[in-house]
Amino acid sequence: MKVIRSPKEFQHRMRLLRRRGSSIGFVPTMGALHEGHLRLVRRACAENDTVVVSIFVNPTQFGPGEDYKKYPRRMRDDLKKLRREKVDYVFEPTASAMVPKKSSHPVRWETSREFHRLAGVLCGKYRPGHFRGVAAIVAKLFYLAQPHRVYFGAKDYQQTAIVRRLISDLDLDIAFRLVPTVREGDGLAMSSRNAYLSPAERARALSLSRVLFVLRREIRAGRRGIAVLRQDAISTLRRRVDRLQYLEIVDAETLRPVSRRGRKCVALAACYVGQTRLIDNVIIPG
Ligand code: PAF
């Protein structure tokens, strides 16, 4: 497994691989790898000649007061895990190589990828600028890696909708793979941020997946309307978590709220347990 730090060298290597006809599967991550990431890696290994993982805690997607500084960084451990999975390349750039600071300019990043609506709803309402930062860095990683296939976890559902849209709007020749959320045995969605939870908070955090599972079952059963089910789920979650930011049931593609069952939809929620912000979702087939 080769670790590359320079964006130019990374791009050069990927270009050579492509020229030689090797298919490239790419898994972008922010490190602190858990089983959820490893599922993406395994799927990439099964479908490509070369597998590339990037590890980069992207400063542009964290807002002021968010956890950029304390976000878990476990490079040694991550590299060990990726070696075990037989990953071919790890791209691990420095922040200054990816997001150059221009001393003559107060803004650290000039090029932006704006979304008219997708990035302003759900998490976007509570994390202004977050998806702009995600999209800018994902686009840069795609240009550098020139992958044939990319792998994203369904836990960050809104992010996946935005990346799919980026690929389709820009006609990038990249196949997008959505990989189901990986959960702990008791249902908690795996996340690098779970490491922040105390044992008592971890127990309360379980309410998030439990409420979403009940909601999915009830929506599928179709005995009660979506609006009523949503209100019930909101009331239950409000009693159990510290701060519920949103719980919405939206169309799986447009992310517009749905009022009745029809097309595939997704129930998503974000809340705080203690100081930790958690997100989760369930996909409900049409
Ligand atoms: O999901 C993540 O880990 C990040 O948002 C990503 C896609 C690596 C971009 O920084």
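Data block above holds the structure.
From a predicted model like this one, the values you see are computed outputs, not experimental measurements.

Focus: the state of the cysteines
A disulfide bridge is the covalent bond that connects two cysteines by way of their sulfur atoms. Throughout the structure, instances matching the rule amount to zero disulfides. No disulfide involves Cys265; its sulfur sits 17 Å from that of Cys123, the nearest cysteine.

Quick word on the packing of aromatic side chains
With the rule as written, the count across this model stands at seven aromatic pairs. Joined through ring pairs, the aromatic side chains of Phe26, Phe142, Phe152 and Phe176 make up one cluster. Across the ring face of Tyr68, the terminal group of Arg73 is positioned such that the distance to the ring centre comes to 4.9 Å. Its end group placed over the ring of Tyr272, Arg243 keeps NZ or CZ at 4.2 Å from the ring centre.

Quick look at the pattern of salt bridges
For the structure shown, the criterion picks out 17 salt bridges. Two residues, Glu47 and Arg177, come together in a salt bridge whose shortest N-O distance is 3.0 Å. Residue Glu47 is found in helix α2 (residues 35-47), and its partner Arg177 is found in strand β6 (residues 175-179); the two are separated by 130 residues along the sequence. The partner of Glu218 in a salt bridge is Arg223, with the nearest N and O atoms 4.0 Å apart.

Comments concerning helix α7 (residues 157-169)
Since the α-helix packs 3.6 residues into each turn, any two residues three or four apart lie on the same face. With 13 residues, α7 extends 18 Å from end C-alpha to end C-alpha; this agrees with the ideal 18 Å at 1.5 Å per step. All buried positions along α7 are accounted for by Tyr157, Gln158, Gln159, Thr160, Ala161, Ile162, Val163, Leu166 and Ile167. In this structure, the buried side of α7 is in contact with α5 (123-126), α6 (130-145), β5 (149-153), β6, β8 (265-273) and β9 (276-284). Note on α7: the residue one or two positions beyond its end, Asp171, has a positive phi of about 50°.

Examining unusual backbone geometry
Positive phi outside glycine occurs at Leu122, with the angle close to 50°. Secondary-structure assignment places Leu122 in the loop between α4 (95-98) and α5. Classification of Leu122 as buried rests on a relative accessible area of 6%. Here the phi dihedral of Gln146 falls at roughly 45°; this positive angle occurs in a residue that is not glycine. Summarising the element assignment, Gln146 is placed in the loop between α6 and β5.

Side note on the sheet that holds β5
Read across the sheet, six strands follow the order β1-β4-β3-β2-β5-β6 without closing on themselves; strand pairing throughout is parallel. In the strand order of this sheet, the two ends are held by β1 (2-4) and β6, each with one partner. Across the sheet, the mean angle separating the axes of adjacent strands is 25° when strand polarity is ignored. Strand direction decides the pairing type here: β1 and strand β4 (residues 89-91), joined by three bridges, are parallel. Looking across to β4, one finds that Ile4 is bridged to Phe91. Most of the contacts of α6 go to strand β2 (residues 24-29), to which it runs at about 150°, and overall it touches β2, β3 (50-55), β4 and β5. In the packing of α7 onto the sheet, contacts are made with β5 and β6, and the angle to β6 comes to roughly 170°.

Procedures and definitions
Residues numbered from 1 in each chain as written. Predicted model: local features only at pLDDT ≥ 70, side-chain atom pairs only at ≥ 80, totals over all residues. Heavy atoms only, no water. Disulfide = S-S within 2.5 Å. Phe/Tyr/Trp six-rings, centres within 6.5 Å; stacked < 30°, edge-to-face > 60°. Lys NZ or Arg CZ within 6 Å of the ring centre and 35° of its normal. Salt bridge = Lys/Arg side-chain N within 4 Å of Asp/Glu carboxyl O. Helix = DSSP H or I, 4+ residues; strand = E, 2+ residues; numbered from the N terminus. Expected span 1.5 Å × (residues − 1). Buried < 20%, exposed > 50% of the residue type's maximum accessible area, 1.4 Å probe, protein only. Contact = heavy atoms within 4.5 Å. Pairing = 2+ DSSP bridges. Axes fitted to C-alpha atoms, helices over the stretch in contact; angles between N-to-C directions.

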